[in-house]
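Reading the structure
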Amino acid sequence: MPAPISSASEARRSGARIVALGIAAVVVILGVAAVVLFLTLPDANAFNARVEQIFIENDDLTGAAELRLLEILAQSGTAFSDVLSSYRMVIYVLLVFAASLLIAALVFLVSLVGLNRRMGEIERQGLQVSSLIVSRMDRVVLLNNMEFKLTDAALETLSVLAEARLDDDILTGAQIEGMISGRPAEDCDEAAGATRIKRLRDTLGNQMVSEMLVRNIARRGYVLSIDRDVIKMI
């Protein structure tokens, strides 16, 4: 039991390191891109500076039409400066938005990889159950502190399987039907017990959990695939 816990802890730590490194890489890349972009953008006052230089270098521009043209150029430079400043803000917002999306995508990707790895471990090792409490009075089953409310028939089936697991027994469908109905197993139909198992799995709901909890061993019967020490009957 300590080995899976250790491997799960190591997987969580390695996943956290990957996420941290990925986020740092995303921030650094977008930060460098932002710096390069803002440095290469023209100065917002470049147009106004050029118009001012024209005024200084051409003292003979004294005509009304020429002065009016220079005034228009100066106003155009001011408008260009305002537009460029707004573009800088838009670019900054887009970079922040892109960084957020990339970080979220990285976190989701690492989470999916971790879940797939965990699912693979479950498929290889089976369902790890630390506690199975069957309460006949409340018609409730606590599986790893997850509560399942069962019907009377499903609870009886699970109780029979739990008691058989405590005795290290494997029950056929006919034996399950006989123990629940009170008839000899020889007089019971194998399909009736299989139907009870199917209804129990349907009641548990999660197909993966129910299939791994109640195993069907070919030509032998049904058994709970958990350690008998974790079973408690109330």
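One structure accompanies this document, and this report is about it.

Rules used in this analysis
- Residues numbered from 1 in each chain as written.
- Predicted model: local features only at pLDDT ≥ 70, side-chain atom pairs only at ≥ 80, totals over all residues.
- Heavy atoms only, no water.
- Axes fitted to C-alpha atoms, helices over the stretch in contact; angles between N-to-C directions.
- Helix = DSSP H or I, 4+ residues; strand = E, 2+ residues; numbered from the N terminus.
- Parallel < 35°, antiparallel > 145°, perpendicular 65-115°, else oblique.
- Contact = heavy atoms within 4.5 Å.
- Nonpolar A, V, L, I, M, F, W, Y, C, P; charged D, E, K, R; others polar.
- Pairing = 2+ DSSP bridges.
- Salt bridge = Lys/Arg side-chain N within 4 Å of Asp/Glu carboxyl O.
- Buried < 20%, exposed > 50% of the residue type's maximum accessible area, 1.4 Å probe, protein only.
- Expected span 1.5 Å × (residues − 1).

**Digging into the packing of helix H4 (residues 152-166) against helix H6 (residues 190-204)**
- Packing of H4 against H6 leaves a shortest axis separation of 9 Å and a crossing angle of 110 degrees. Classed by the angle they form, the pair H4 and H6 counts as roughly perpendicular. Counting all contacts with H4, which are made through Ala153, Ala154, Thr157, Leu158 and Leu161, the residues of H6 involved are Arg196, Ile197, Leu200 and Thr203.
- Split by residue class, the contact of H4 with H6 holds six nonpolar, two polar and one charged.

**Description of the side chain of Thr157**
- Secondary-structure assignment places Thr157 in helix H4.
- Contacts of Thr157, omitting those with residues within four sequence positions, involve Ile176, Ile180, Arg196, Ile197 and Leu200.

**Digging into the pairing of strand E4 (residues 214-217)**
- Note that E4 and strand E5 (residues 221-224) share four bridges and pair antiparallel. Bridge pairing in E5 places Ile217 opposite Gly221.
- In this structure, the hairpin formed by E4 and E5 is closed by a connection of three residues, where Arg219 is found at a positive phi of approximately 65 degrees.

**Some remarks on the pattern of salt bridges**
- Scanning all chains against the criterion turns up eight salt bridges.
- For Glu163, the salt bridge is made with Arg136, and the minimal N-O distance between the two is 2.6 Å. With Glu163 in helix H4 and Arg136 in the loop between strand E1 (132-135) and strand E2 (140-143), this pair connects stretches of sequence that are 27 residues apart.
- Two residues, Arg183 and Glu177, come together in a salt bridge whose shortest N-O distance is 3.7 Å.
- Under the relative-accessibility criterion, Arg183 is labelled partly exposed at 42%.
- The buried category is assigned to Glu177, whose relative accessible area is 8%.
- Connected via shared salt-bridge partners are Arg165, Asp168 and Arg228.

**Some remarks on H4**
- The first and last C-alpha atoms of H4 sit 21 Å apart over 15 residues, in line with the 21 Å expected at 1.5 Å per residue.
- Of the positions making up H4, those classed as buried are Ala154, Leu155, Thr157, Leu158, Ser159, Val160, Leu161, Ala162, Ala164 and Arg165.
- Where H4 ends, the next residue or the one after it, Asp168, has phi of about 60 degrees, a positive value.

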